[in-house]
Amino acid sequence: MKNSWTKTKFIMLMSVLTMFLAGCGENHLSALKPAGEVGRQQFNLMVISIAIMVLVIVVVTVAFSIAVFKSRRSQLGESFKPKQIAGNHTLEVIWTSIPIVLLIILAIPTVYFTFQQGDTTEMVNAKGEPNQDVTIINVTAHQYWWEFEYEHEGVVTSQDLVVPTGEKVFFNLKGADVKHSFWIPAAGGKLDTNVDGVNSFFLVFDDDKAQDADRLFYGKCAELCGPSHALMDFKVKALEKDDYEQWLADMKQIEEPLQADAGDAKEGQEIFNNSCIGCHAVTPTGAGAVGPNLTNFGDRELVAGYLEHNKENLVDWIKDPETLKPGNKMTGKYQLNDEEIEKVAEYLMTLKVDEGTGDKSKLRETKDEGGDK
Amino acid sequence: MAQVKGKKAGFGAVLWDYLTTVDHKKIAILYLIAGGFFFALGGIEAMLIRAQLAIPNNDFLSAGLFNEVITMHGTTMIFLAAMPLLFAFMNAVVPLQIGARDVAFPFLNSLGVWLFIFGGIFLNLSWFLGGAPDAGWTSYASLSIASPGHGIDFYAVGLQIAGAGTLISGINFATTIITMRAPGMTYMRMPLFTWTTLVAAILIVFAFPPLTIGVFLMIFDRMFGSNFFIVEAGGNTIIWEHLFWIFGHPEVYILILPAFGMFSEIFSVFSRKRLFGYSAMVFATVLIGFFGFMVWAHHMFTVGLGPTANAIFALATMAIAVPTGIKIFNWIATIWGGSIEFTTPMLYALAFIPSFVMGGVTGIMQAAAPADYQYHDSYFIVAHFHYVIVGGVVFALLAGLHFYWPIMTGTMLSEKLGKLEMVIFFIGFHCTFLIQHWLGLWGMPRRVFTYLDGQGYNAANMISSIGAALMAVAVIILLINIIKTLVKNEKVGRDPWGDGRTLEWSLPIPAPYYNFAQTPLIRGIDVLALEKEEGDGTIPSAGPVEPIHMPNNSFIPFMISLGLFIAGFGALYFASGKPWAIDAVADLPVRPWALYVLIAGLAITFISMGVRSWKDDLGYYITKEELEADLRELEARERGAN
Amino acid sequence: MAEMRYNVPNDQWPVHPEKATLEGRNKFVGFWTFLAGETVLFASLFATYLALKDQVPSQDHLVAAELYHLELAFVMTMFLLTSSLTSVFAVYHMRNNNFGKMQLWLGITVLLGAGFLALEIYEFVEYVSIGHTFRSSAFGSAFYFLIGTHGFHVIVGLIWITLLIIRNANRGLSVYTAAKVNTASLYWHFIDVVWVFIFTIVYLLGVL
């Protein structure tokens, strides 16, 4: 008994040490492993502030420990009478001015980065229209899922965000129902998705950092938004510019819903068209739909934002969304029996976008046309 | 007229006495009991939170219930535990520290405590009446408007009632300290606890009205069909965030300043040394209070207020570090060269310095706005504010409980158990919250009811939960200590710590209900230490024994509070099922009686107020003869004890 | 015995009867502290109003410039300003220990306040009849909350002063009742000052 407790203690101690030494968390998830310029600036600011603060802690702790150690009554004896000192002007000036100096050291980069990271003027061109030369993604947060609309291409997707690496990616953020907050810890800090207006900012994903994270970063909702706030995760695929544009072109060419070939999936599609299509689009257009866009559902990384992407989980989700994501808006909106659900799931898993079939030049053409308008 | 002394009163008489009392020492006991109860409740909620988060994918609490528990934990701890417990010590100590017979408005003092108690009960009845509020203690408008059922309504109405009590108490303490000081007790001779109480009271007066307005906006939107936060009708939810934090940030200082004050007293007493840099400490206190109103938007760096606003509020926030630093260094200078006795209160005070510095420096880290975009709403924040509030305020409350226990009850808590409690609490506290800084930086958002396996959060969360359990053990030890001490009931005499420096320790224990038979004359700072040094330790009197004017007990405060409590239910159910109601309550059954309950409750309150205004309440006098008899009795008793 | 403390013979009537006792001084300081809190309360209300001014769901809702009548607001202002002056007269007579005249001027104050209130009710009724209500828009909510809170203060003040007139009728003046009258008068001035801000920020800036 005692032995196993000692063992547990040892394991715990080791795990604590490991964490302190590794100290940085996961590549795809940690603010301490910044994946791009924005996150790196923020990380550097953290390092500056931590350095200053550690200095403060050390000074205070040393002074405090000496004070306590030297002044113990057990050492000095009961009869020792402390000298009553009202104060000391020089000391007051010293410990007022040194913190001021330290704070100024911290304040300068703070103000500099605040303005640099708040600068979204690139998003619009001289005419005040969205700038065609930069990537702009409109994010709408819903209870409890994310919609992503690619501003220039008009492509709409949900839950999986695809971004190009090596450039500023601009986001317009808004909340559809309640306030959420858009956070990709590895790429940079968060910004709220208010219900009152649009917030804009940018993030950068470096290609080598993306590779370290297997091109897949984690995103999270950081503002309490209801029971399933904890489950409102999303995935960020960071692709090289070429691959990113190819993906966009592949998505864009889908003008009609992908047709299921035969069997269960075919039947599933019919059931889907009768019961689900009111809320879920299967073509990559129509921002602002009631439910997530399912055009490329088969390519998704997760079911319901947090479960492993397989058919079993999908069937469970359609059968009983309330248990998996309490408070979601899908529960009770449809009536399907188990067999139908199986078929719909089968169909949804086939919704994969053929890679490399889209015409990238077309993407550019529309872009240029848009620019000439 | 004079109260029954020395005789054993029946339970009914005691109960009636406490229901109607206007004596600040008894009101302190009421605050202590009620605040202690809510502290235990909030603590149990904290244990539930940590139990749920101990392992990944836990289903100990459901998602919805978890949100109710975190909301109630935060709301209870801030409004119903920390502040009332501070009021308990302010009531017990401040009038004695300044040489006053009572507070400026004894009637309002009673009203304040009953409003708080009824507000707290109202808020907690939500557990039994359809579910507790679930939008976090900050209750941000879009979510709180969308939250179905009446949970948020309990939050809004409960806070409004309790908040009114706090505001009244704030006015009362500010006035008391301004007008009721004994002759010679100049502002610059006031003990630090009195100073911090004064500043905190003024902060309450300026900080609570914005909350009142914010909560009214919410009450009107949820219960009376207005559109303040309804975006489709032109409303704006950010207004709530501003109003809440214009209150919310000063609130942090309302809590921490009195804590600073208590620690200042404790450092001084148990180092046998006067406070170093008294005037700098006073200046820093006032400065912190002043700055406290100019930094609220640092809670809103990620709202999208723009870089200019963020930069200004970042700089203002950093500025607060300066006066706080002054305080820390002055405390160190106070114990430096002193003669430290390691009593339980002193251990808490010593533990407070490094713990609070940790919380303070992470606060400065968050002032760097771009870095805060990462910290914000992550576990880093949870770690930070618990370091400040537990490491600062709760340490102070526990220290104060041990320190002022003799003044409040006439007995002494066991030092042995006290030190054990302190050590366990200290270890548990750091174990719980230190690791949470890393959790936040590793990407764990706050207010999540669970987390998935495989994100590297598991071990850290387990450590945190173990620490929380340790804190619970410490509180249980404290409870055992309290019960043992009360059962033993060994009375102590004047100045039980032996090194009291300020006026409250000069009084006999228990202090007579009129506090001072003769008005004391204050000849300097740390008046008791001064008189011990220069004389026999008795405080000179400012005048002869004279009749003392005393206020009458009153049941009206209870009735005023009860009326609002009843009216609260009327308001709460008024919108249920009405066609104009927001979606959150539109589907609930109509309550036709709601309007009548609202009117009846308000009628009780306003009629009670009218009666108060109509009747002459002139109080009564303690005669010179009674006072002299008391003094003789006291002298005989103390001679007998020696 | 307790009563004796408050009943001061005429020749010993203090210059500031309201601050002659410790309770009176407490009331004075405490009430000023309360008014400081009330100032922040109204500041929050003004901020809310300014943030939501003219925020309506659609074009067919009326906005400030189309709603407000400056003339009516001006007349209301005159009523309230005059009532503030009459309450000063009441306090003046209180300090001279002239109970009858104090009661008279308090009565006139109440009448003027009631006149103000009647005009305000008239204004509200008219707005409601043309569709500008508490529930019609965020602007409506903010307008009625700000003006309504002030109006509620007026009602409380009227009831308070009326109760004082009646209760003091057979008690007369003492340093005990003087403190009560002085506090009510302070409150009434505060209401008046707030209205000056409302007139400027809501009505004047609303139609400009």
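Remember, it's a predicted structure, so these values are computed and weren't measured experimentally.

*Asks:* Explain the overall build of chain A to me, using residue names and the numbers behind them.
*Replies:* When you go through chain A residue by residue, the secondary structure sums to 11 helices and 12 strands. Compactness check: chain A gives a C-alpha radius of gyration of 27 Å against a globular reference of 21 Å for 373 residues, more than 25% above the reference. Principal axes of the C-alpha set define a box for chain A whose edges measure 95 × 70 × 35 Å. In chain A, which comprises 373 residues, the proportion classed as buried is 51%. Across chain A, every contact between residues at least 6 apart in sequence was considered, and the portion connecting residues at least 24 apart equals 65%. Summed over all atoms, the accessible surface of chain A reaches about 17300 Å², with 57% contributed by carbon and sulfur. Considering chain A, the positive charge centre built from 36 side chains and the negative charge centre built from 54 side chains are found 13 Å apart.

*Asks:* How would you explain the UniProt feature "domain: Cytochrome oxidase subunit I profile" (unreviewed entry) in chain B if you had to name every residue and give the values?
*Replies:* UniProt annotation of "domain: Cytochrome oxidase subunit I profile" (unreviewed entry) refers to residues 10–523 of chain B when read in the numbering used here. Overall, residues 10–523 of chain B shows 70% helix and 0% strand. The separation of its end C-alpha atoms is 43 Å.

*Asks:* Before we move on, could you go through the side chain of D207 of chain A and cite the residues and values that matter?
*Replies:* All names here are of chain A. With respect to the helices and strands, D207 occurs in helix α5 (residues 207–212). Polar contacts involving the side chain of D207 include one to the side chain of R215, which spans 3.1 Å. Ignoring anything within four residues of it in the chain, the contact list for D207 reads T165, R215 and E240.

*Asks:* Account for the UniProt feature "domain: Cytochrome oxidase subunit II copper A binding" (unreviewed entry) in chain A, with residues named and values stated.
*Replies:* In the UniProt entry, the feature "domain: Cytochrome oxidase subunit II copper A binding" (unreviewed entry) is given for residues 132–250 of chain A. Structurally, residues 132–250 of chain A is divided into 13% helix and 50% strand, and its ends, taken at the C-alpha atoms, are 20 Å apart.

*Asks:* Which residues make up the packing of helix α2 (residues 24–53) of chain B against helix α3 (residues 63–97) of chain B, and what values go with them?
*Replies:* Residues and elements named next belong to chain B. Look at α2 against α3: their axes get within 7 Å of each other, and the N-to-C directions meet at 155 degrees. As judged from the angle between their axes, α2 and α3 are roughly antiparallel. With respect to the hand of their crossing, α2 and α3 are arranged in left-handed fashion. Classifying every residue of the contact of α2 with α3 by side-chain character gives 25 nonpolar, nine polar and one charged.

*Asks:* Any details on the packing of aromatic side chains? Residues and values, ideally.
*Replies:* As enumerated under the stated definition, the model contains 94 aromatic pairs over all chains in all. Residues F122 of chain B and F565 of chain B carry aromatic rings whose centres are separated by 5.8 Å and whose planes lie at 85 degrees to one another, so their mutual orientation is edge-to-face. A residue pair is termed long-range when its members are at least 10 positions apart, and F122 of chain B in helix α4 (residues 106–125) and F565 of chain B in helix α17 (residues 556–574) qualify at 443 residues. Side by side, F122 of chain B and F565 of chain B carry an identical accessibility label, which is buried. Arranged with centres 5.8 Å apart and planes meeting at 65 degrees, the rings of F228 of chain B and F145 of chain C form a pair that is edge-to-face. Of this pair, F228 of chain B sits in the loop between α7 (192–223) and α8 (238–271) while F145 of chain C sits in helix α5 (residues 138–169), placing the two residues on different chains. Pair check on accessibility: F228 of chain B and F145 of chain C agree, each one buried. Aromatic ring contacts, followed pair by pair, group W16, W114, F118, F122, F154, F555, F558, F565 and F569 of chain B into a single cluster. Of note, K168 of chain A hangs over the ring of F202 of chain A, and the distance from its end group to the ring centre comes to 4.4 Å. If you follow K578 of chain B out to its NZ or CZ, it ends over the ring of F574 of chain B, 4.1 Å from the centre.

Reading guide: rules and limits
- Residues numbered from 1 in each chain as written.
- Chains lettered and ligands numbered in written order.
- Predicted model: local features only at pLDDT ≥ 70, side-chain atom pairs only at ≥ 80, totals over all residues.
- Heavy atoms only, no water.
- Helix = DSSP H or I, 4+ residues; strand = E, 2+ residues; numbered from the N terminus.
- Rg over C-alpha atoms; globule rule 2.2 N^0.38 Å.
- Buried < 20%, exposed > 50% of the residue type's maximum accessible area, 1.4 Å probe, protein only.
- Contact = heavy atoms within 4.5 Å.
- Areas by Shrake-Rupley, 256 points an atom, 1.4 Å probe, with all protein chains shown as cover.
- Lys, Arg positive; Asp, Glu negative; His and termini not counted.
- Charge placed at Lys NZ, Arg CZ, Asp CG, Glu CD.
- UniProt positions renumbered as here; feature names shortened; annotations may be inferred.
- Polar contact = N/O pair within 3.5 Å; in protein donor to acceptor, adjacent residues only side chain to side chain.
- Axes fitted to C-alpha atoms, helices over the stretch in contact; angles between N-to-C directions.
- Parallel < 35°, antiparallel > 145°, perpendicular 65-115°, else oblique.
- Left-handed = near helix turned anticlockwise from the far one by under 90°.
- Nonpolar A, V, L, I, M, F, W, Y, C, P; charged D, E, K, R; others polar.
- Phe/Tyr/Trp six-rings, centres within 6.5 Å; stacked < 30°, edge-to-face > 60°.
- Lys NZ or Arg CZ within 6 Å of the ring centre and 35° of its normal.

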